[in-house]
Amino acid sequence: MAEVVLGIETSCDETSAAVLVGDGDRPELASLVILSQDIHAVFGGVVPELASRAHLRALDPVVQSALEQAGVPLDAVDAIAVTEGPGLIGALIVGVCYAKALADALHIPVIGVHHLEGHLFAPALENPDLEPPFVALLVSGGHTLLLDVPAWGRYRLLGETRDDAAGEAFDKVATLLGLGYPGGPEIERLAESGTDRFAFPRPMLHAGCDFSFSGLKTAVLYAVRASDDIARDRPDLAASFQEAVIDVLVQKTARAVESTGRRSVILGGGVACNRTLAKRLARHLAGTAHVTVARPRLNLDNAAMIARAGWFHLQRGERSDRTLEASATLPLPGIEPDPAASTPVTRSS
Amino acid sequence: MTLTLALDTATEIGSVAVGDGHLVLAEMSFGGRRHAAALLPAVHDVLDVVGATLDDLTTVVVADGPGSFTGLRIGWATVQGLVRARDSIRVATAPSLLGAAWVGSQFSSGPVAALYDALRGEVYGAVYQLDADRLEVVLRPTLGTVADLVEQSPVRPVLAVGDGAGVNRSAIEAWTGRAPLLPPVGSARAGALLALADLEGALRDIPDPTSCEPDYGRAAEAQVRWERQHGRPLPGSTGHAR
């Protein structure tokens, strides 16, 4: 079993490296470095080619920094875990090629990790006692899905978005409201001074565990166009939009808990940094299920969660070989068919 | 023996070679737009041929752009990973176009134009005069139409190579007076980078390969549009730590 695992994450616009140290199934986080690319802010969204170029410039210095902060020399690393997908293909390729070559030259194993499985493992970094079974709500700029997790490495898809991811909707609505990128923190901050008076739709609220946010986004667009004083309405628009998204996420999660009978819920992904969502979910499920949310730094795209998921697979003796390649649309490993589900079991990023 | 590994992933045909100085000992190519999967196994294949391992390498030569953005990053990220573990390895680079021109020089005497298709009606092009013991850069790698190259080149090449010559065949034939040498023969080869090793000015050392990047030959399209719209360079940023 590996005792030191280096994690690498380059799936979108964060260049990240982390070091896990320990043995058995309770590794400790020795360091985590996340470099967020600022260059995309002027575009209001991630530009894949610019992200790929920035990763190539930043990755090795970020890895060096993570090793230094952990006090671990490179030759003490026992294995490397790297995000192999899903994500931006050009960005993923930088991390995968670097990780493969480094592992090869060090004569140590490399393991490709699914980005979403990393998000699933993120809370386990802070809560080593955390064990399945649980329901997981993963919400980010690229994903919105509900999973039933009977055991680590075994996943059953309960529902997913049919169009925009929740985080994507936050970013697009932020742009409509003339706010900065990324939109989630901006909308949450603005919503604090607004009221939910626009009565935006709660798409698919009473139908299964799938999500849809594109209609909600369009409703905000119409409200913005109809506003005769956008400066006055902006906080209320932000509050109304956020309430609609949270209502949907909370109700769907409650339905997933009810249908599975699980007593534990994991909230993960970048949107899990939204404190209002975390509080509402915990309050709604109080007495039914315990909600675990990692701290914001571990909910953003980061290499610690990749190292932790990689640790799990390495412990099971799994390895990737030299032909490991990045995949923009990698299916979640370990997914089990759900006879009751009407949705496909894999999805694109 | 000073074992050198060369990588060229700048075009659709990727290749690796291992050699002693400028002597190519083993070489192999791969295609199918799966360079990221094929590159590292190919490195081991050529090392196996000469009974060597990564531990035996003293120098790595990686092809520079212009060329495929993703292809270039596959090569450069791989080199970054290798030299992080083996910091005694010397890293050098040369334009992939120069390697393609060297291939052309094996078929003809005189200046050779190397052209890669840059899409949107443009090519990445350069013109070199390659003799047995001398390299002259007639026209440095540039982006433009074939007409731009014809105008900028002070000499008329005797041969053109590369896929950019193929998509502009009639203009190339009018320029050089003969049919271009097309891929797979008329393309860059990692072995060419090794063959060029002794020519003064062919290779450029990279003192700090772990945070460098290739010459892409063209800015990202979003950056071009932004700068056109705002009339100033895109603000540079190294990002912020979280």
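Values in this document were obtained by computation on a predicted structure and should not be read as measured data. (Residues numbered from 1 in each chain as written. Chains lettered and ligands numbered in written order. Predicted model: local features only at pLDDT ≥ 70, side-chain atom pairs only at ≥ 80, totals over all residues. Heavy atoms only, no water.)

Concerning the overall build of chain B
Phase 1 of the analysis: A count of helices and strands for chain B gives eight helices and eleven strands.
Phase 2 of the analysis: Taken against the 2.2 N^0.38 rule, which gives 18 Å for 242 residues, the C-alpha radius of gyration of chain B at 18 Å falls within 12% of a compact globule.
Phase 3 of the analysis: Along the three orthogonal principal directions, the C-alpha set of chain B runs to about 50 × 50 × 35 Å.
Phase 4 of the analysis: Within chain B, buried positions represent 55% of all 242 residues.
Phase 5 of the analysis: Within chain B, residue pairs in contact and separated by at least 24 positions form 60% of the contacts whose partners lie at least 6 positions apart.
Phase 6 of the analysis: Carbon together with sulfur atoms contributes 49% to the accessible area of chain B, which is approximately 10100 Å² in total.
Phase 7 of the analysis: Measuring between centres, the 19 positive side-chain charges of chain B sit 8 Å from its 27 negative side-chain charges. (Helix = DSSP H or I, 4+ residues; strand = E, 2+ residues; numbered from the N terminus. Rg over C-alpha atoms; globule rule 2.2 N^0.38 Å. Buried < 20%, exposed > 50% of the residue type's maximum accessible area, 1.4 Å probe, protein only. Contact = heavy atoms within 4.5 Å. Areas by Shrake-Rupley, 256 points an atom, 1.4 Å probe, with all protein chains shown as cover. Lys, Arg positive; Asp, Glu negative; His and termini not counted. Charge placed at Lys NZ, Arg CZ, Asp CG, Glu CD.)

A few points about unusual backbone geometry
Phase 1 of the analysis: Of the consecutive residues Gly85 of chain A and Pro86 of chain A, the connecting peptide bond is found in the cis state with omega at -10 degrees.
Phase 2 of the analysis: Turning to its location among the elements, Pro86 of chain A is positioned in the loop between strand E4 (79-85) and helix H2 (89-106).
Phase 3 of the analysis: Residue Pro133 of chain A is bonded to the preceding Pro132 of chain A through a cis peptide linkage, with omega at 10 degrees.
Phase 4 of the analysis: One can find Pro133 of chain A in the loop between helix H3 (115-126) and strand E6 (134-139).
Phase 5 of the analysis: Even without being a glycine, Arg120 of chain B presents a positive backbone phi close to 55 degrees.
Phase 6 of the analysis: Along the chain, the position of Arg120 of chain B falls in the loop between strand E6 (112-117) and strand E7 (123-131).

Overview of the environment of Gly186 of chain B
Residues and elements named next belong to chain B.
Phase 1 of the analysis: Here Gly186 shows up in the loop between helix H6 (169-176) and helix H7 (190-195).
Phase 2 of the analysis: The spacing of Gly186 and Phe107 is 79 residues in sequence and 9.8 Å in space, taken between C-alpha atoms.
Phase 3 of the analysis: Not counting the four nearest positions on each side in its chain, Gly186 is found in contact with Val161, Gly162 and Leu181.

Some remarks on the sheet that holds strand E9 (residues 159-161) of chain B
Residue and element names in this part refer to chain B.
Phase 1 of the analysis: Taken in spatial order, the four strands line up as E8-E7-E6-E9 in an open sheet, and their pairing is mixed. Every interior strand has two partners, whereas the edge strands, strand E8 (134-144) and E9, have only one. For this sheet, the mean inter-axis angle between neighbouring strands, taken without regard to orientation, is 20 degrees.
Phase 2 of the analysis: Direction of pairing for E6 relative to E9: parallel, over a ladder of three bridges. From the neighbouring strand, Ala113 faces E9, where its bridge partner is Ala160. (Pairing = 2+ DSSP bridges. Axes fitted to C-alpha atoms, helices over the stretch in contact; angles between N-to-C directions.)

Re the interface of chain A and chain B
It is common to report an interface's size as the accessible area lost on association of the parts.
Phase 1 of the analysis: Counting from both sides, the interface comprises 38 residues of chain A and, opposite them, 41 residues of chain B.
Phase 2 of the analysis: Of the roughly 3600 Å² buried where chain A meets chain B, counting both sides, 62% is carbon and sulfur surface.
Phase 3 of the analysis: Considering only the side of chain A, the residues that lose the most area to chain B are Arg53, Leu56 and Arg322 of chain A, jointly responsible for 18% of the buried surface there.
Phase 4 of the analysis: Salt-bridge contacts for Arg34 of chain B lead to Glu325 of chain A; the nearest nitrogen and oxygen are separated by 2.3 Å.
Phase 5 of the analysis: Taken together, the links from chain A to chain B amount to 14 residue pairs in polar contact (both at pLDDT 80 or more).
Phase 6 of the analysis: Elements with a contribution of two residues or more to the side of chain A that touches chain B: strand E3 (28-36), helix H1 (48-70) and H2 of chain A.
Phase 7 of the analysis: Tallying contributions element by element places H2 of chain A first for the side of chain A that touches chain B, with eleven residues.
Phase 8 of the analysis: Classifying every residue of the side of chain A that touches chain B gives 20 nonpolar, seven polar and eleven charged. (Buried area = accessible area lost by both parts, 1.4 Å probe. Salt bridge = Lys/Arg side-chain N within 4 Å of Asp/Glu carboxyl O. Polar contact = N/O pair within 3.5 Å; in protein donor to acceptor, adjacent residues only side chain to side chain. Nonpolar A, V, L, I, M, F, W, Y, C, P; charged D, E, K, R; others polar.)

With respect to the domain arrangement of chain A
Residue and element names in this part refer to chain A.
Phase 1 of the analysis: Each assigned domain of chain A is listed here: domain 1 (3-122 + 298-315) and domain 2 (132-294).
Phase 2 of the analysis: Look at where the C-alpha atoms of domain 1 and domain 2 centre, and you get two points 27 Å apart.
Phase 3 of the analysis: Contact with domain 1, which involves 18 residues of that partner, is made by 20 residues of domain 2.
Phase 4 of the analysis: Here domain 1 meets domain 2 over a buried area of about 1500 Å², counting both sides, of which 71% is carbon and sulfur.
Phase 5 of the analysis: Three residues stand out in domain 1 for area buried against domain 2, namely Leu116, Leu120 and Asn299, and they jointly supply 47% of the buried area on that side.
Phase 6 of the analysis: Across the domain 1-domain 2 interface, the total number found is zero salt bridges.
Phase 7 of the analysis: For the interface between domain 1 and domain 2, the tally reads three residue pairs in polar contact (both at pLDDT 80 or more).
Phase 8 of the analysis: Among the elements of the structure, H3 and helix H9 (296-299) are those that each provide at least two residues to the side of domain 1 that touches domain 2.
Phase 9 of the analysis: With seven residues, H3 is the single largest residue contributor to the side of domain 1 that touches domain 2.
Phase 10 of the analysis: Considering only residue class, the side of domain 1 that touches domain 2 consists of ten nonpolar, six polar and two charged. (Domains from an automatic or database assignment.)

With respect to a nonpolar patch on the surface
Phase 1 of the analysis: A cluster of nonpolar side chains, Met1, Leu23 and Leu25 of chain B, forms an exposed patch at the surface whose accessible area comes to about 320 Å².
Phase 2 of the analysis: With respect to the secondary-structure elements, Leu23 of chain B resides in strand E3 (residues 23-30). (Patch = residues over 30% accessible without salt bridge, like charges linked within 9 Å, V, L, I, M, F, W, Y side chains within 5 Å.)

Thoughts on the packing of aromatic side chains
Phase 1 of the analysis: Summed over the entire model, instances satisfying the criterion amount to seven aromatic pairs over all chains.
Phase 2 of the analysis: Measuring from centroid to centroid gives 6.1 Å for Phe211 of chain A and Phe213 of chain A, while their planes differ by 15 degrees, and the two rings are stacked. Accessibility classification places Phe211 of chain A together with Phe213 of chain A in one group, the buried group.
Phase 3 of the analysis: Ring-pair connections join several aromatic residues into one group, and the members of that group are Phe121, Phe134, Trp152 and Phe312 of chain A.
Phase 4 of the analysis: The residue whose ring lies beneath Arg53 of chain A is Tyr216 of chain B, and the NZ or CZ to ring-centre distance is 3.9 Å. (Phe/Tyr/Trp six-rings, centres within 6.5 Å; stacked < 30°, edge-to-face > 60°. Lys NZ or Arg CZ within 6 Å of the ring centre and 35° of its normal.)

Focus: the side chain of Arg73 of chain B
Phase 1 of the analysis: If you trace the backbone, Arg73 of chain B turns up in helix H2 (residues 69-85).
Phase 2 of the analysis: Among the polar contacts listed, one links the side chain of Arg73 of chain B to the side chain of Glu49 of chain A, at a separation of 2.9 Å.
Phase 3 of the analysis: Within polar-contact distance, the side chain of Arg73 of chain B engages the side chain of Tyr216 of chain B at 3.3 Å.
Phase 4 of the analysis: The contact partners of Arg73 of chain B, leaving out residues within four places of it in the chain, are Glu49, Ser52, Arg53, Leu56, Gly90 and Val94 of chain A together with Thr78 and Tyr216 of chain B.

Here we look at the confidence of the model for chain B
Phase 1 of the analysis: Of the residues in chain B, 98% reach a pLDDT of 70 or more, and the chain-wide mean stands at 94.
Phase 2 of the analysis: Averaged pLDDT values for the elements of chain B fall to 70 in strand E11 (residues 240-241) of chain B and rise to 98 in E6 of chain B. (pLDDT = per-residue confidence, 0-100.)

Observations regarding the sheet that holds E6 of chain A
Residue and element names in this part refer to chain A.
Phase 1 of the analysis: Here six strands make up an open sheet; going across it, the order is E10-E9-E6-E7-E8-E11 and the pairing mixed. Strands with a single pairing partner mark the edges of an open sheet, and in this sheet they are strand E10 (290-293) and strand E11 (335-336).
Phase 2 of the analysis: Summarising the sheet, strand E7 (residues 144-151) and strand E8 (residues 154-160) pair through five bridges and their orientation is antiparallel. In the strand pairing of E8, Ala151 is matched with Arg154.
Phase 3 of the analysis: The strands that helix H8 (residues 275-285) touches are strand E9 (264-268) and E10; relative to E9, the one it contacts most, it runs at about 170 degrees.

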